[in-house]
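Okay, here's what each chain looks like letter by letter:
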Amino acid sequence: EAAVTQSPRNKVAVTGGKVTLSCNQTNNHNNMYWYRQDTGHGLRLIHYSYGAGSTEKGDIPDGYKASRPSQENFSLILELATPSQTSVYFCASGEGQTGDYEQYFGPGTRLTVL
Amino acid sequence: EQQVQQSPASLVLQEAENAELQCSFSIFTNQVQWFYQRPGGRLVSLLYNPSGTKQSGRLTSTTVIKERRSSLHISSSQITDSGTYLCAMDRPFYGSSGNKLIFGIGTLLSVKP
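Scoring rules and cut-offs
Residue numbers run consecutively from 1 along every chain, following the written order of its sequence. As they are written, the chains are lettered A onward and the ligands numbered 1 onward, keeping that order. Whole-chain, interface and lining totals are the exception, using all residues; otherwise, since this is a predicted model, local features are given only for residues with pLDDT of at least 70 and side-chain atom pairs are given and counted only at 80 or more. Hydrogens are left out, water is left out, and the side-chain values use all remaining heavy atoms of the structure. To qualify as a helix, a DSSP run of H or I must reach at least 4 residues; to qualify as a strand, a run of E must reach at least 2; elements of each kind are numbered from the N terminus. To get the radius of gyration, use the C-alpha atoms; to get the globule rule, take the number of residues to the power 0.38 and multiply by 2.2 Å. The cut-offs for exposure are 20% and 50% of the maximum accessible area for each residue type, with area from a 1.4 Å probe on protein chains only; residues under the lower value are buried, those over the upper are exposed, and the others partly exposed. Any pair of residues with heavy atoms lying within 4.5 Å of one another is described as a contacting pair. Surface accessibility follows the Shrake-Rupley procedure with a 1.4 Å probe radius. Residue values consider only the protein chains on display as shielding. Charge counting treats Lys and Arg as positive and Asp and Glu as negative, with His and both chain ends excluded. Each charge is placed at NZ for Lys, CZ for Arg, CG for Asp and CD for Glu. Accessible area that two parts lose when put together, with a 1.4 Å probe and added across both, is what the buried area reports. By convention in these notes, a salt bridge is any Lys or Arg side-chain nitrogen within 4 Å of a carboxyl oxygen on Asp or Glu. Ten residues, namely Ala, Val, Leu, Ile, Met, Phe, Trp, Tyr, Cys and Pro, are considered nonpolar, four, namely Asp, Glu, Lys and Arg, are considered charged, and the remaining ones, Gly among them, are considered polar. Two strands are counted as paired when DSSP detects at least two bridges linking them. Lines fitted to C-alpha atoms define the axes here, with helix axes fitted over just the stretch in contact, and angles between the N-to-C directions of these axes take values from 0 to 180 degrees.

S.K.: What is the right way to read the overall build of chain B from this model?
M.R.: Each helix and strand in chain B was counted, giving zero helices and eleven strands. N-terminal to C-terminal, the α/β element order of chain B is β-β-β-β-β-β-β-β-β-β-β. Its C-alpha radius of gyration of 14 Å places chain B within 12% of the 13 Å reference for a compact globule of 113 residues. On the principal axes, the C-alpha backbone points of chain B span a range of 50 × 30 × 25 Å. By residue count, 49% of the 113 residues in chain B fall in the buried class. Expressed as a percentage of contacts within chain B between residues at least 6 apart in sequence, the contacts between residues at least 24 apart total 56%. Carbon and sulfur atoms make up 52% of the accessible area of chain B, which totals about 5300 Å². Both charge centroids of chain B, one from 10 positive and one from 7 negative side chains, sit 7 Å from each other.

S.K.: How should the interface of chain A and chain B be read in this particular structure?
M.R.: Frequently, the measure chosen for interface size is the accessible area removed from exposure when the parts meet. Taken together, the contact between chain A and chain B spans 24 residues of the former and 23 residues of the latter. For the pairing of chain A and chain B, the buried interface totals around 1900 Å² over both sides, and the portion due to carbon and sulfur atoms is 51%. In this structure, K100(B) engages D59(A) in a salt bridge whose closest nitrogen and oxygen atoms are separated by 2.7 Å. Looking at the side of chain A that touches chain B, the elements that each hand over two or more residues are β4 (31-38), β5 (42-49) and β10 (103-105) of chain A. Looking at side-chain class alone, the side of chain A that touches chain B contains eleven nonpolar, nine polar and four charged residues.

S.K.: Explain the pairing of strand β8 (residues 73-78) of chain A here, please?
M.R.: Residue and element names in this part refer to chain A. Of all the six residues making up β8, five are buried; the element is thus mostly covered by neighbouring parts of the structure. As defined by bridge partners, strand β7 (residues 65-67) adjoins β8 across three bridges and the pair is classed as antiparallel. Looking across to β8, one finds that K65 is bridged to I77.

S.K.: Could you clarify how one ought to interpret the sheet that holds strand β3 (residues 19-25) of chain A in this entry?
M.R.: Strand pairing in a sheet relies on backbone hydrogen bonds. The paired strands run either parallel or antiparallel. Residues and elements named next belong to chain A. Spatial strand order, β1-β3-β8-β7: four strands in an open sheet with antiparallel pairing. In the strand order of this sheet, the two ends are held by β1 (4-7) and β7, each with one partner. Direction aside, neighbouring strands of the sheet carry axes that sit 20° apart on average. Direction of pairing for β1 relative to β3: antiparallel, over a ladder of four bridges. Each bridged residue has a counterpart across the sheet, and for Q6 the counterpart in β3 is C23.

S.K.: I keep staring at the environment of Q3(B) and nothing clicks. Help me out?
M.R.: Residues and elements named next belong to chain B. With respect to the helices and strands, Q3 occurs in the segment before β1 (4-7). Here the alpha-carbon distance between Q3 and Y85, two residues 82 residues apart in the chain, equals 17 Å. Beyond its immediate chain neighbours, meaning those up to four positions away, Q3 contacts S24, F25, S26, I27, M89 and I102.

Structure follows, in structure tokens:
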């Protein structure tokens, strides 16, 4: 099974501050994803990446940037955090090859913006 | 509009009873993935099911793609099965390779002794 880790696991930030959430995967998957989970909405895709150097917008990208400096690492960046970005954030990875779209998730980061 | 609908929203069972969780999709999908999640916890992939029936231990997933539905059957439930079960459908990214998952809100299962 794919190993996906996230840091930090919990974060409290102030409104207007910069927040960086990190994700690392060790199974050499091409695709990586950032989702957020909110009550009543389920998980929603923020950004994704096909490989090192690539980032693409997901369904709710506003207020977020992403960075994929290597195959293993994928970061989510909140340049100016707002209370509406309080949520649980999940990173995932997957091979992304035709016929094999299974995704593997990290443990999540609980972010509170005060 | 919620593209993935799950039912029931919550379910309470006595230990050893069976459970049937349902998932339906408003648009076409090729593949379905079922996850288990404890409150605030990691999503654990249970079954990845392109179509037909797939089994893993006490779990059986049946997906009928052309009817846009999938079900998860849990047999002989245990207290440790308590948690949220999420269904997600696979959707391709338009104009490029790769896919994304669109999730339902989940079914909260509680198994009592």
